[in-house]
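# Architecture at a glance
Listed here are the chains, written in short residue letters.
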Amino acid sequence: MMLSLYIHFPFCKRKCLYCDFCSSPASEDTVEAYCLAVTQEARRWAKQFANAQVDTVYLGGGTPSLVPAAIMAQTLDAVRACFHLTPDAEFTAEANPGALDARWLEAAMRRGLNRLSLGVQAAQDGLLRSLGRIHTFSQAQEAVGLARACGIANLNADVMFGLPGQRLKDYRETLERVTDLGVEHLSAYGLILEEGTPLERMVRTGERTLPDPDETDDMYQQGVELLSAAGYERYEISNFAKPGFACRHNLGYWQGKAYLGLGAAAHSHWPGPQGPVRRENAPDVDAYIRALRSGAAAPGAETVLGPEEAMFETLMLGLRTAQGVSERDFEARHGVALRRRYGEALEGLARDGLGRFEGPMQEGRFALTERGLALQNLVLLRLMDY
């Protein structure tokens, strides 16, 4: 089995106003205890995945680069001892500008790190402050320079659109300045106001105002055009890469490959005898540490997906990508032809210009058009009726 490995580090200097991820400030003692718990969880899974080949690793958060270099080195050494990494494994870490230094980067690179994902978000310092970000754009530029000086040749930058106070010209400027940095990959996300976050409350009470929907749509459309003109290929709704630099780890999620998540709030997915298994660790960091320290499993829940749910998940995730869903792979995975299960709905999407079949029946694939990708929520609502 080929396996992807995700490790969650839920630590931040300060939580951003829009964030609902499992992350918060923490003392060094808590960080050290948590990382020890991660290694203990890795050892618990080592036997089940003893024959797996790990071809992608992703350190997410939170801010993994806030973990002290020596503690991160010990953690990665212990985790690597539990699993078989392929020689060409893609190994990514998330980092925030202003929370990255050469010592940490070099320690991680000695343990396989070869890809860095920087949370840039915007080129305007005023917008960054309004989001609760702790860095400036000049610090993002410095982080890119540091990564290059240390030998990182595969860089991603995250950016956002639809932000309070953001105008179309601001978003275009962000994309232009980020592409000028020469990053190989760019993730461009529309803001989602998550219930209960400070930013959602500010918008609800009128303290902050979002761009109108037409301007947000213009940001999306012009962003796609600008990045295409700059040589980036869109391979997923929000992800763009120079040729050869698509993120293998994230592609694994969208293609339904097996992955194991370590840490509080981490998710996992692997094939099981009764159907695909989905696991979610509980987000309580203290409970996670206590459980692993006592020799118990990480608190959380496992679900076995039924046939209908598994088929819809394959379709839903696959249609996020430019390649879409392979008819051959769908039938091999589920024992049912894609057109037999969803043919009427997919043909309706094709008639409406939202999708298209490519290649001969049972040998081809179904993918969304540019319009379909822009209206994916509508597409999924239509598919849910079948």
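Residues numbered from 1 in each chain as written. Predicted model: local features only at pLDDT ≥ 70, side-chain atom pairs only at ≥ 80, totals over all residues. Heavy atoms only, no water.

Scanning the protein for helices and strands turns up 15 helices and 15 strands. A compact globule built from 386 residues should have a C-alpha radius of gyration of about 21 Å, and the protein, at 21 Å, falls within 12% of that. Along the three orthogonal principal directions, the C-alpha set of the protein runs to about 60 × 50 × 40 Å. Taking all 386 residues of the protein together, 54% fall into the buried category. In the protein, once contacts between residues fewer than 6 apart in sequence are set aside, the share between residues at least 24 apart is 70%. Just so you have it, the protein exposes about 17300 Å², and 50% of that area is on carbon and sulfur atoms. Taking the average place of the 40 positive charges on the side chains of the protein and the average place of its 49 negative ones, the gap between the two points comes to 3 Å. (Helix = DSSP H or I, 4+ residues; strand = E, 2+ residues; numbered from the N terminus. Rg over C-alpha atoms; globule rule 2.2 N^0.38 Å. Buried < 20%, exposed > 50% of the residue type's maximum accessible area, 1.4 Å probe, protein only. Contact = heavy atoms within 4.5 Å. Areas by Shrake-Rupley, 256 points an atom, 1.4 Å probe, with all protein chains shown as cover. Lys, Arg positive; Asp, Glu negative; His and termini not counted. Charge placed at Lys NZ, Arg CZ, Asp CG, Glu CD.)

It is worth spelling out the side chain of Q124 at this point. Summarising the element assignment, Q124 is placed in the loop between β4 (115-121) and α4 (125-130). At a separation of 2.7 Å, a polar atom in the side chain of Q124 contacts the side chain of E173. In this view, Q124 contacts D170, E173 and T174; residues no more than four positions away in its chain are not counted. (Polar contact = N/O pair within 3.5 Å; in protein donor to acceptor, adjacent residues only side chain to side chain.)

This part is about the packing of aromatic side chains. Geometrically, a pair of aromatic rings is defined through the distance of the ring centres and the angle of the planes. For the structure shown, the criterion picks out twelve aromatic pairs. The interplanar angle of 50° and the centroid separation of 5.3 Å between the aromatic rings of F161 and Y171 together place this pair among those described as tilted. Placement of the pair is F161 in strand β5 (residues 155-161) and Y171 in helix α6 (residues 168-180), with a sequence separation of ten residues. When sorted by exposure, F161 lands in the same class as Y171, which is buried. A connected cluster of aromatic rings, assembled from ring pairs, spans F11, Y34 and Y288. Directly above the ring of Y232 sits K242, whose terminal nitrogen or CZ lies 4.7 Å from the centroid. The lysine or arginine in question, R341, covers the ring of Y342, its NZ or CZ lying 4.4 Å from the ring centre. (Phe/Tyr/Trp six-rings, centres within 6.5 Å; stacked < 30°, edge-to-face > 60°. Lys NZ or Arg CZ within 6 Å of the ring centre and 35° of its normal.)

A separate point is the pattern of salt bridges. Applying the stated criterion across every chain, the model contains 15 salt bridges. Of the charged contacts, one joins R382 and D352 as a salt bridge, the two residues approaching to 2.9 Å between their closest N and O atoms. Of the two residues, R382 is situated in helix α15 (residues 376-384) and D352 in the loop between α13 (338-351) and β14 (355-358); the sequence distance between them amounts to 30 residues. Given a relative accessible area of 27%, R382 falls into the partly exposed group. One network of salt bridges, with partners in common, ties together R278, E309 and E313. (Salt bridge = Lys/Arg side-chain N within 4 Å of Asp/Glu carboxyl O.)

All right, on to the sheet that holds strand β15 (residues 365-368) then. With antiparallel pairing, the three strands of this open sheet are ordered in space as β13-β15-β14. Only two strands of the sheet have a single partner each, and these edge strands are β13 (325-326) and β14. Summarising the sheet, β13 and β15 pair through two bridges and their orientation is antiparallel. From the neighbouring strand, S326 faces β15, where its bridge partner is R365. (Pairing = 2+ DSSP bridges.)

A few words now on the side chain of R234. Within the element layout of this structure, R234 appears in strand β7 (residues 233-236). Judged by relative accessible area, R234 falls into the buried class, the value being 13%. Side chain to side chain, R234 and Y220 meet in a polar contact 2.8 Å long. Among residues more than four places away in sequence, those in contact with R234 are Y220, V224, N239, F240, A322, E370 and L373.

Let's shift gears to the nonpolar core. Generally speaking, soluble globular proteins have nonpolar side chains that are buried together. Core analysis: the largest hydrophobic core is formed by 96 residues, its most contacted members being F83, L116 and L383. Sort the elements by how many residues they give to this core and helix α1 (residues 28-46) lands first, with nine residues. If we skip the residues at most four places from it in the chain, L116 touches A93, A95, L100, L105, A147, I152, N154, L155 and N156. L17, M160, L191 and M202 belong to the second largest nonpolar core, which has ten residues in total. (Core = buried A, V, L, I, M, F, W, Y, C linked by side-chain atoms within 4.5 Å.)

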